[in-house]
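# Structural description and commentary
Now for the letters of each chain:
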Amino acid sequence: MKLQEFQAKAQLAGYGIAVPKGQVALTSEDALATARGLGSSHLAVKAQIQAGGRGLAGGVRLVAGAEEAAQAAGALLGSRLVTAQTGPQGRQVRQVLVEEAIQSSRNLYLSLSIDAVTGEVVVLAGAEGSDNIEDRLLRGEARLESLPLGAGRELDRKQALELAMRIGLGAELAHRFADLLERLRRAFTELDATLIEINPLAVTARDEFVALDAKVILDDNALFRHPDLAALADEDGDEIEIVAQRRNLNYVRMNGNVGLVVNGAGLGLATLDMVRAANGRPANFMDIRTTATSLDVAFGFTLLLNNPAVRSILVNVHGGGMQPCDIIADGLGVAMRRTGRSCPTVVRLDGNNAEYARFRFDNFGCKVIDCPDMWTAATRAVAAANA
């Protein structure tokens, strides 16, 4: 679950991490009142959408005074902001963050995340923070230093100081950086986060660290431990995707013609890559969570069957203890009966109850193309979609 910037900053502030003073506004009148309350002549008005690249797309505006803040808020609210991460349809701006603009002597990059290979918590830090950090990294114009934290339960202060030195911080700043990193480590583990990113992390003239922007992503599977955070879920995104989340499906609409049904985020991304490698166009990303029931799965299949652009469905499932293959088969059977539509369905099943799932397909009358491996399944699904 992604937090909005103002929500992320509120969480970090609770761990003693400095953030600019500010408040979210829903109208230009709210923005005017907030700006006047801040009492600063240098302000930032920032669109609150869950997509990177806002600054490059005009979603972050630096203004002088409360009246200009109200004008900037009025221009942003209700508009659709198009960034590199929103797609051409953009995202509607429903709220803005009005905060004091911090003068920095230097901007850094800092994040904590889960290493996909080792499963460890890893710190990434860079001597320069910027809106286009990903592009600059790809072009070799920026570099990030890393520090593995294992399970994230403790921080080796000596290693933290060495990391600070590697990004060009002096001795005094290095100790403050290590203190900041310890607070971030606590926030990361106690919030059950999968990502905390501060970009940019400002160094002020007084040698203080301030999080000018913050991104926090929480582990959906751990939200039962944080009902207060679960209540912060953003309801301003794609309506179908929001409903799918409530049905234990991580679902993202795309523009292709091959519908995908997979259990596991990593397996889902690999399946997307294979469909593209086979010159196909995925119609969606769908990761079935371990808590999904057969009716939840049926809801997911129904989304695909009701999409006229979907010409074939690729089911790539590895059954585990909490999500055996037959639940997927039952979901497809129920969805086909509900919608009255069928389309070429290619399946690759392995793991728990794979054979029983094939029996369930037969019972429901689902004619599937059973494939022994992922690549064969991907190529058959692409061929069926393009037939």
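## Some points on the overall build of the chain
When you go through the chain residue by residue, the secondary structure sums to 13 helices and 18 strands. Counting only C-alpha atoms, the chain reaches 70 × 50 × 40 Å along its principal axes. Every one of the 387 residues in the chain was classed for burial, and the buried ones make up 49%. Partitioning the contacts of the chain with sequence separation of at least 6, the portion at a separation of at least 24 is 69%.

## Digging into the state of the cysteines
Each disulfide is one covalent bond, formed between the sulfur atoms of two cysteines. Summed over all chains, the structure comprises 0 disulfides. Lacking any disulfide linkage, Cys325 is separated from the closest cysteine sulfur, that of Cys371, by 14 Å. Classification of Cys325 by relative accessible area gives buried; the value is 0%. Unpaired in terms of disulfides, Cys343 finds its nearest cysteine sulfur in Cys366, a separation of 11 Å.

## Digging into helix H11 (residues 325-339)
For H11, built from 15 residues, the straight-helix expectation of 21 Å at 1.5 Å per residue is met to within 8% by its first-to-last C-alpha distance of 22 Å. In terms of burial, H11 is largely enclosed, as 11 of its 15 residues are buried. Within the sequence span of H11, burial applies to Cys325, Asp326, Ile327, Ile328, Ala329, Asp330, Gly331, Leu332, Gly333, Ala335 and Met336. Positive phi shows up at Gly340, right after H11, with a value of about 70 degrees.

## Focus: the sheet that holds strand E2 (residues 42-47)
With antiparallel pairing, the 4 strands of this open sheet are ordered in space as E1-E6-E2-E3. Here the strands that pair on one side only, and so sit at the sheet edges, are strand E1 (22-25) and strand E3 (60-64). In this sheet, neighbouring strand axes are inclined to one another by 20 degrees on average, regardless of whether the strands run parallel or antiparallel. As paired elements, E2 and strand E6 (residues 96-100) share 5 bridges and run antiparallel to each other. Counterpart to Val45 in the pairing with E6 is Val98. Across the sheet, helix H1 (residues 5-13) touches E1, E2 and E6, and the angle it forms with E6 is around 45 degrees.

## Observations concerning the packing of aromatic side chains
Applying the stated criterion to the full structure yields 2 aromatic pairs. For the pair Phe177 and Phe209, a centre-to-centre distance of 6.1 Å together with 65 degrees between the ring planes defines the contact as edge-to-face. Taken together, the residues span a long stretch of sequence, with Phe177 in helix H6 (residues 171-190) and Phe209 in strand E11 (residues 209-211) at a distance of 32 residues. Residue Phe177 is classed as buried on the basis of its relative accessible area of 0%. Classification of Phe209 as buried rests on a relative accessible area of 10%. Between the aromatic rings of Tyr356 and Phe359, the centroid separation amounts to 5.9 Å while the plane-to-plane angle is 20 degrees, which identifies the pairing as stacked. Within this pair, Tyr356 and its partner Phe359 are both found in helix H12 (residues 354-364), separated by 3 residues, close to a single helical turn. For Tyr356, a relative accessible area of 40% puts it in the partly exposed group. For Phe359, a relative accessible area of 44% translates into the label partly exposed.

## Remarks on the pairing of strand E14 (residues 258-262)
With respect to burial, E14 is a largely interior element, 5 of its 5 residues being buried. In the sheet, E14 pairs with strand E16 (residues 312-319) via 5 bridges, with the strands oriented parallel. Along E16, the bridge assignment pairs Val258 with Ser312.

About the thresholds
- Residues numbered from 1 in each chain as written.
- Predicted model: local features only at pLDDT ≥ 70, side-chain atom pairs only at ≥ 80, totals over all residues.
- Heavy atoms only, no water.
- Helix = DSSP H or I, 4+ residues; strand = E, 2+ residues; numbered from the N terminus.
- Buried < 20%, exposed > 50% of the residue type's maximum accessible area, 1.4 Å probe, protein only.
- Contact = heavy atoms within 4.5 Å.
- Disulfide = S-S within 2.5 Å.
- Expected span 1.5 Å × (residues − 1).
- Pairing = 2+ DSSP bridges.
- Axes fitted to C-alpha atoms, helices over the stretch in contact; angles between N-to-C directions.
- Phe/Tyr/Trp six-rings, centres within 6.5 Å; stacked < 30°, edge-to-face > 60°.

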